[in-house]
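# Tertiary structure, described
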Amino acid sequence: MNLSSHHPLAVGLASALSLAAGFAPAWAQQTDHGAHHSAEKPAPTQPLAKPADPHAGHRQTPPAKDSGDHATMGHGAMKQGTAGTAGDEHSAVDHSTMDHSKMDPSTTDHSNLDSSGMDHSEMDHASMGHQPGGNQDLPPTAEPHEPIPVITPADRAAAFQDLDEHVMHGESINSYWALDRLEVWDADEGTGMAWEAQGWVGSDLNRLWLRSEGEREGGSTESADVEVLYGRAIARWWDAVAGVRHDFGFEGGPSRTYAGVGVIGLAPYKFEVSATAYVGESGQVGLGAEAEYEMLFTNRLIGQWLVEGEAWSKDDPAVGIGSGLSKVEAGFRLRYEFHRQFAPYVGVVWERAYGGTADLRRARSGDIDDTRVVAGVRIWF
């Protein structure tokens, strides 16, 4: 019977099946195995009708579900905690190639594991938080776990040893130079000017001191002197000095030279004190003393109090000195330190002559005391 003429639909269906059977194997080999290497599963899509798999006979049997038996992982040949197996180390096992992300710990059976050979002596259980009450504070009355020992006199003696008085002194050479006062004022005979300067160079123990002071008025110098002294530290904040003082002669007056010895230092309550005794020609003996005190209104606005005086044993009319208390000077100067080394100031100064010196001044000018307003500058380096 002619099948093509009586059943054209059957003939077309047979042809389609023959073509599908021929192309299906090649298409399945190219596409079906690509999913085996994908890192992520594609999003679920609407399931489509799948044609019959021509490789149904070649499908691999899926692995059995992990039962937690680690013997199937190849660890059976490894011996844990067995004496004489020091060479068997886990470092030879490459765990990086094992994929434990799909393991279900709840199904793992540890009943067959032998932990008797494991050494727990090197494990730090303190860091695991297993200590009972480890995070709880002790009551206020509880004794510390490690009591602090009581400090004994021997401990104090070891920490604060007695040092020699001169252990702290260095031998480096330093210097200090200061123009304490360089000031002017309005005098009866013109502009008056005065200066006082001092400085030293040396170490903490031994120093060379230089001091000078003087006055000018009306364009002429009335008095000026300079001292060169050797200083030696004798106590905390105190130096003993000894040297020479020279008074210059002006307007035809003679000059005088004295040997001097004294002290310079810082008295209690921060009074800067200087006292020097002088011995001159013909047994003339004199004493000069000066005290200063600084009052800080602010860190830069500073008031300075000053008092000084002189006394002599004999009259010396050629230089205007009488026996006894010669003169006393007191003053207050208020300075502002724009820089620590430079400070202008204003102040008021009172001066008075006494004894034989007052008599000599009366005979010469008639004034034995003077009060003046001064303005000046203080410089040190």
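Calculation rules
Residues numbered from 1 in each chain as written. Predicted model: local features only at pLDDT ≥ 70, side-chain atom pairs only at ≥ 80, totals over all residues. Heavy atoms only, no water. Helix = DSSP H or I, 4+ residues; strand = E, 2+ residues; numbered from the N terminus. Buried < 20%, exposed > 50% of the residue type's maximum accessible area, 1.4 Å probe, protein only. Contact = heavy atoms within 4.5 Å. Areas by Shrake-Rupley, 256 points an atom, 1.4 Å probe, with all protein chains shown as cover. Pairing = 2+ DSSP bridges. Polar contact = N/O pair within 3.5 Å; in protein donor to acceptor, adjacent residues only side chain to side chain. Salt bridge = Lys/Arg side-chain N within 4 Å of Asp/Glu carboxyl O. Core = buried A, V, L, I, M, F, W, Y, C linked by side-chain atoms within 4.5 Å. Axes fitted to C-alpha atoms, helices over the stretch in contact; angles between N-to-C directions. pLDDT = per-residue confidence, 0-100.

What follows covers the overall build of the chain. A count of helices and strands for the chain gives 4 helices and 12 strands. With 381 residues in all, the chain has 22% of them scored as buried. Summarising the internal contacts of the chain: among those between residues at least 6 apart in sequence, 44% fall at separations of at least 24. Within the structure as shown, the chain displays about 27,600 Å² of accessible surface, and the carbon and sulfur contribution to it stands at 59%.

Moving on, we come to the pairing of strand β10 (residues 324-336). Pairing of strand β9 (residues 301-312) with β10 involves 12 bridges; the strand directions are antiparallel. Looking across to β10, one finds that tryptophan 305 is bridged to phenylalanine 332. Relative to strand β11 (residues 342-353), β10 runs antiparallel, the two being bridged by 9 bridges. Looking at β11, one finds that glutamate 329 is bridged to glutamate 351. Counted along the chain from β10 to the antiparallel partner β11, the turn is 5 residues long.

Within the secondary structure layout, threonine 221 lies in strand β4 (residues 220-235). At 2.7 Å, the side chain of threonine 221 and the side chain of arginine 216 are in polar contact. Leave out the neighbours within four places in its chain, and threonine 221 touches Glu215, Arg216 and Phe250.

Turning our eyes to something else, we now look at the pattern of salt bridges. A complete count under the given rule lists 18 salt bridges for this structure. Between arginine 378 and aspartate 180 there is a salt bridge, with its nearest N and O atoms 3.8 Å apart. With arginine 378 in strand β12 (residues 369-380) and aspartate 180 in strand β1 (residues 174-187), this residue pair connects regions lying 198 residues apart in the sequence. You'll find arginine 378 and aspartate 180 in the same group, each marked buried. A salt bridge links arginine 335 to glutamate 337; the nearest nitrogen and oxygen atoms lie 3.3 Å apart. Through salt bridges with shared partners, a single ionic network connects Glu215, Glu351, Arg361, Asp370 and Arg372.

The phi dihedral of tryptophan 237 is positive, around 75°, even though this residue is not glycine. In this fold, tryptophan 237 is placed in the loop between β4 and β5 (238-247). Given a relative accessible area of 66%, tryptophan 237 falls into the exposed group. Despite not being glycine, tyrosine 269 has its phi angle at roughly 65°, a positive value. By the element assignment, tyrosine 269 lies in the loop between β6 (256-267) and β7 (271-279).

Moving on: the nonpolar core. Membership of the largest hydrophobic core is limited to 6 residues, which are Trp185, Ala187, Ala194, Tyr345, Val349 and Val374. Those residues in contact with tryptophan 185, other than ones at most four positions away along the chain, are Gly190, Thr191, Gly192, Met193, Ala194, Arg216, Arg372, Val373 and Val374. Trp200, Leu229, Val241 and Ile264 belong to the second largest nonpolar core, which has 5 residues in total.

What follows is about the sheet that holds strand β2 (residues 190-202). Taken in spatial order, the 12 strands line up as β1-β2-β3-β4-β5-β6-β7-β8-β9-β10-β11-β12 and close into a barrel, and their pairing is antiparallel. Between one strand axis and the next, the sheet turns through 20° on average, direction left out of account. Strands in contact with helix α4 (residues 355-364) are β10 and β11; relative to β11, the strand with the most contacts, it is inclined by about 90°.

Before going further, it helps to spend a moment on the confidence of the model for the chain. Here the chain shows a mean pLDDT of 77. Residues at 70 or above account for 62%. Here residues 23-42 scores under 50 on pLDDT; set against residues more than four positions off or in separate chains, the count is 6 contacts. Throughout residues 74-88 the model reports pLDDT below 50, and contacts reaching past four residues in sequence, or to other chains, amount to 12 contacts.

Note that lysine 327 resides in strand β10. Judged by relative accessible area, which is 24%, lysine 327 ranks as partly exposed. A C-alpha to C-alpha distance of 8.2 Å links lysine 327 and alanine 358, two positions 31 residues apart in sequence. The contacts of lysine 327, once residues within four sequence positions are left out, are Glu308, Gly309, Glu310, Glu351, Arg352, Ala353, Tyr354 and Arg361.

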